[in-house]
Amino acid sequence: MPQGPKRLCYPQLGNYDIPIGYFVRSALHLEYISPPPMTKRTIDLGAKYSPDFVCAPFKCMMGCYIEAMEKGANVLIQTGGTCRLGYYGELHEQILKDMGYDFEMFNITLFRFRHILDFLKGVKQLAPHARIWEIVRPLPATAKMITAIDHVEDYYRQNMGFEREKGAFDKVYNRFLADLRQAKRLRDVRRIYREAMQAFAAIPLCKPEHPLRVGVIGEYFTIMDPYSNHEIEKKIAQMGTEVHRWMNLSNSVMICPDKNVIKKLNAYLHYDLNKFPSSIWVNIQQKQSSRYAKFDTGSSSISTITLAEHYAKCGFDGLIHVKSFGCTPEMDAVPVLHNISADYHIPILYLNYDTQTSDTGIETRLEAFYDMIAMRKEVTPS
Amino acid sequence: MKKAYLGIDIGSISTKGVIIDEEKNILCGIYLWTEGNPMGAAKKVIAALGEQFDHSAYQVVAAGTTGSARKLVGAMCNASIVKNEITAHAVGTTTLHPDVRTILEIGGQDSKIICVENGVAVDYAMNTLCAAGTGSFLSSQARRLGVEVEEFGKIALGSSNPTPIAARCTVFAESDLVHKIQMGHKKQDIIAGLCHAVANNYLNNIGKGKKILAPIVFQGGVSKNEGVVKAFADALGEEIIVDENGHLMGCYGAAILALGSGIEKPFSFDVAEMEFTTREITCPNCANHCEVICVYREGELIDSWGNRCERGEVREG
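Residues numbered from 1 in each chain as written. Chains lettered and ligands numbered in written order. Predicted model: local features only at pLDDT ≥ 70, side-chain atom pairs only at ≥ 80, totals over all residues. Heavy atoms only, no water.

Visitor: Please set out the overall build of chain A residue by residue, giving values where relevant.
Guide: Scanning chain A from terminus to terminus reveals 17 helices and eight strands. The C-alpha atoms of chain A give 21 Å as radius of gyration, which agrees with the globular expectation for 382 residues (21 Å, within 12%). Each principal axis of the C-alpha atoms in chain A carries an extent, and together these give about 65 × 50 × 45 Å. Across the 382 residues of chain A, 59% fall into the buried class. Surface summary for chain A: the accessible area is close to 17100 Å², and the carbon and sulfur share equals 56%. Both charge centroids of chain A, one from 46 positive and one from 42 negative side chains, sit 6 Å from each other. (Helix = DSSP H or I, 4+ residues; strand = E, 2+ residues; numbered from the N terminus. Rg over C-alpha atoms; globule rule 2.2 N^0.38 Å. Buried < 20%, exposed > 50% of the residue type's maximum accessible area, 1.4 Å probe, protein only. Areas by Shrake-Rupley, 256 points an atom, 1.4 Å probe, with all protein chains shown as cover. Lys, Arg positive; Asp, Glu negative; His and termini not counted. Charge placed at Lys NZ, Arg CZ, Asp CG, Glu CD.)

Visitor: Could you give an account of the overall build of chain B, naming the residues involved and the relevant values?
Guide: Helix and strand content of chain B: nine helices and 13 strands. In terms of C-alpha radius of gyration, chain B reaches 21 Å, essentially the compact-globule figure of 20 Å for 317 residues. With the C-alpha coordinates of chain B rotated into their principal frame, the extents come out at 65 × 50 × 35 Å. Relative to its full complement of 317 residues, chain B shows a buried share of 52%. In chain B, once contacts between residues fewer than 6 apart in sequence are set aside, the share between residues at least 24 apart is 61%. Here chain B displays about 14100 Å² of accessible surface, and carbon together with sulfur accounts for 49% of that area. Placing the 29 positive and 37 negative side-chain charges of chain B at their respective mean positions leaves the two points 6 Å apart. (Contact = heavy atoms within 4.5 Å.)

Visitor: Residues and numbers for helix H9 (residues 249-261) of chain B, please.
Guide: All names here are of chain B. With 13 residues, H9 should cover 18 Å at 1.5 Å per step; its first-to-last C-alpha distance of 18 Å lies within 8% of that length. In terms of burial, H9 is a largely internal element, ten of the 13 residues being buried. The set of residues buried in H9 consists of Met249, Gly250, Cys251, Tyr252, Gly253, Ala254, Ala255, Ile256, Leu257 and Ala258. Of the residues flanking the end of H9, it is glycine 262, one or two places downstream, whose phi is positive at about 75 degrees. (Expected span 1.5 Å × (residues − 1).)

Visitor: Kindly report on the nonpolar core, identifying the contributing residues and their values.
Guide: Leu8, Leu28, Phe176 and Ile320 of chain A together with Tyr124 of chain B are the most contacted members of the largest nonpolar core, which has 131 residues in total. Ranked by residue count, the leading element in this core is helix H3 (residues 56-70) of chain A, at nine residues. Sequence-distant contacts of tyrosine 124 of chain B, that is, excluding residues within four places in its chain, are made with Leu349, Arg365, Leu366, Ala368, Phe369 and Met372 of chain A together with Ile86, Ile113, Ile114 and Lys210 of chain B. Grouped together as the second largest cluster of nonpolar side chains are 33 residues, Ile113, Ala156, Leu194 and Phe218 of chain B included. (Core = buried A, V, L, I, M, F, W, Y, C linked by side-chain atoms within 4.5 Å.)

Visitor: For the interface of chain A and chain B, give the residues involved together with the corresponding values.
Guide: On the chain B side, the residues contacting the 27 residues of chain A number 24 residues. Summing both partners gives a buried area of about 2200 Å² for chain A against chain B, and 55% of it is carried by carbon and sulfur. Interface area lost by chain A to chain B is led by Thr364, Arg365 and Met372 of chain A, which between them contribute 23%. At the junction of chain A and chain B, the tally comes to one salt bridge. The salt bridge partner of lysine 83 of chain B is aspartate 371 of chain A, with a shortest N-O separation of 3.2 Å. Counting across the chain A and chain B interface gives seven residue pairs in polar contact (both at pLDDT 80 or more). Breaking the side of chain A that touches chain B down by element, the ones donating at least two residues are helix H2 (40-48), helix H16 (328-344), strand S8 (348-353) and helix H17 (359-379) of chain A. For the side of chain A that touches chain B, the element with the most residues is H17 of chain A, which contributes eleven residues. For the side of chain A that touches chain B, the residue count by class is 13 nonpolar, seven polar and seven charged. (Buried area = accessible area lost by both parts, 1.4 Å probe. Salt bridge = Lys/Arg side-chain N within 4 Å of Asp/Glu carboxyl O. Polar contact = N/O pair within 3.5 Å; in protein donor to acceptor, adjacent residues only side chain to side chain. Nonpolar A, V, L, I, M, F, W, Y, C, P; charged D, E, K, R; others polar.)

Visitor: Tell me about the sheet that holds strand S9 (residues 216-219) of chain B, residues and numbers included.
Guide: All names here are of chain B. The five strands are arranged S8-S7-S6-S9-S10 in an open sheet whose pairing can be described as mixed. Of all the strands in the sheet, the pair left with one neighbour each is strand S8 (120-126) and strand S10 (240-241). Contacts between helix H3 (residues 85-96) and the sheet are confined to strand S6 (102-106), strand S7 (111-117), S8 and S9, with S7 contributing the most and set at about 50 degrees to the helix. (Pairing = 2+ DSSP bridges. Axes fitted to C-alpha atoms, helices over the stretch in contact; angles between N-to-C directions.)

Visitor: Which residues make up unusual backbone geometry, and what are the values?
Guide: What is expected of a backbone is that most residues other than glycine have negative phi and most peptide bonds are trans. Following alanine 214 of chain B, the chain continues to proline 215 of chain B via a peptide bond in cis, the omega torsion being -5 degrees. With respect to the helices and strands, the residue proline 215 of chain B is situated in the loop between helix H7 (187-205) and S9. You will see that serine 299 of chain A, though not glycine, has its phi angle at about 50 degrees, which is positive. Looking at serine 299 of chain A, the relative accessible area reads 9%, which means it is buried. Of note in the backbone geometry, asparagine 118 of chain B takes a positive phi value of approximately 50 degrees without being a glycine. With respect to the helices, strands and loops of the structure, asparagine 118 of chain B is situated in the loop between S7 and S8.

Visitor: Go over the packing of aromatic side chains, please, and point to the residues and values.
Guide: Residue and element names in this part refer to chain A. Scanning the model with the defined rule gives 13 aromatic pairs over all chains in all. Taking the centre distance of 4.4 Å and the plane angle of 20 degrees together, the rings of tyrosine 156 and tyrosine 173 count as stacked. Residue tyrosine 156 is located in helix H7 (residues 139-159), and its partner tyrosine 173 is located in helix H8 (residues 168-182); the two are separated by 17 residues in the primary sequence. Take tyrosine 156 and tyrosine 173: they sit in the same class, and that class is buried. (Phe/Tyr/Trp six-rings, centres within 6.5 Å; stacked < 30°, edge-to-face > 60°.)

Have a look at this one:
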């Protein structure tokens with residue numbers, strides 16, 4: 001067990017280190033170490049100390065843990081999940097302990113949270129002196145941070161491809177993230193969010209009436225982490241498309257889509273972390289996609305299918321399916337996607353990621369995909 | 001003086017070049033090996049085309065490049081358009097075969113399928129993370145069996161009883177192949193089996209979930225192998241069209257794209273004589289260590305790429 005003050009860390013996942021860090025600092029009064037932005041070194045380190053056939057997210061997380069511990073982290077957080085992710089906590093812990101690191105693993109899977117109050121119990125383990133009121137008070141600001149990031153990113157993806165002045169969107173987006181890191185309370189978050197959206201709205205666009213629309217679907221980690229997916233969303237957006245993605249932290253862990261208030265309340269009360277990330281929406285999406293899938297194959301696969309059908313129905317021009325190499329739940333979703341592709345005449349680009357995938361290969365495929373949907377749109381007027 | 005358009009396709013194994021006129025007729029074409037030297041191969045292609053080309057009647061006003069070294073050679077010959085090989089192949093084939101519905105393509109390192117509807121590509125797939133069942137696999141197995149890869153097809157057609165060979169993965173296929181040789185299977189049966197393995201591997205991986213409708217055009221280097229063509233015809237139960245210019249389809253598409261781009265840039269056959277060098281710089285500014293490639297013409301920087309952010313930009317001078 002490490003001595004001295006606890007310094008927490010959760011692996012890099014997009015920009016979500018901002019709300020997580022905020023919560024740890026203001027609710028638990030503990031230090032939070034953001035892992036440094038992922039680079040080739042992170043992946044190399046992760047791959048070196050991971051089993052060869054494990055999925056790329058495991059390796060990314062491994063690299064993040066090592067780099068965060070180099071920065072001084074001593075408590076590593078790992079979530080559970082309904083795929084192999086459910087065992088990752090133990091495996092990471094064992095490997096890192098064998099390497100000689102001194103740390104504490106906060107493995108959420110092992111707590112068997114079945115209830116919202118269990119969550120408080122878990123938090124109390126980390127910070128025994130924190131009062132309930134102190135834990136609850138920063139929750140609204142944390143939640144608002146997550147939804148703000150997701151809304152801003154949605155707008156960014158859907159419009160950045162049509163900016164008149166190159167780099168205008170990036171400038172606002174980067175300032176938004178920098179400001180958000182400084183936010184102290186809910187009021188700040190609201191203001192920063194409002195300012196970013198106003199600045200976005202002021203950017204002159206040259207957007208056609210019916211722009212090309214692309215939906216991104218796929219595996220939970222790879223889809224949300226731009227470094228892991230080689231920034232495909234930005235790349236295809238910059239070619240001149242509107243990029244849509246449902247999967248984000250707000251939709252996957254915070255917002256229960258049930259319209260019935262009682263059912264919604266019940267879903268929140270029985271928030272099951274062992275079913276991460278799908279506890280609050282899996283049953284609803286399961287019903288929506290029952291034509292294609294009779295049961296859940298784990299992790300985010302149901303949302304892949306549901307959203308693929310949804311985007312197809314909305315008349316999108318193409319879909320991009322991302323997954324790490326060997327991701328079983330997403331592999332199970334692929335035959336279903338073939339059916340959706342055939343039924344709705346929508347092309348789907350399948351991208352597989354491993355640690356050594358080169359940028360060039362992905363760019364070639366994205367460029368070809370863009371050319372194809374653009375030419376296709378020209379001959380089939382909407 | 002009539003206008004002409006140059007297209008070059010620099011693949012991993014072979015480099016192809018073609019010059020077309022404004023009516024998209026092929027004026028001259030050339031096919032040679034890349035031999036690990038894309039710039040040298042491109043120069044050779046340009047020199048060879050320059051010899052065949054009627055300089056008094058036509059002038060090249062735009063160039064297009066495609067293939068895995070498209071960027072490098074595009075910078076070299078001041079290309080109007082640099083396009084990925086999937087788009088170039090689709091454009092090239094649909095121009096020559098307007099009614100095509102499915103394009104099967106197996107090259108040296110990659111394989112792809114393009115589905116076409118009303119003359120426009122509507123879906124495609126390309127191999128990822130694995131080069132099993134491509135041209136380089138066939139040529140390495142040919143070497144093992146001691147036959148020229150060019151003869152492969154003819155030998156395969158002579159077999160009436162192809163040996164089943166596992167083709168899921170190159171490594172498995174190779175050990176299965178060695179095993180079958182040592183068991184005493186006939187060489188021509190093994191070669192025919194390999195051709196079937198390539199076709200089946202293609203249909204099970206790249207072609208998975210795709211509707212393969214006739215007319216089917218098969219192209220890329222491997223389409224010159226009659227054994228694989230027959231294996232595809234057997235597996236699909238359809239006639240497989242192999243164009244005599246099938247190997248030039250990528251550069252033909254690049255030339256058409258150059259024509260269609262409307263961008264005219266001066267092109268000179270002197271490129272073949274000029275000295276081009278590249279230099280690789282590892283950007284020291286962060287742990288990403290981007291590998292930046294700089295291209296020099298006669299010692300002068302003409303282009304650079306490979307940096308992920310502006311910190312790694314290399315400027316002229």
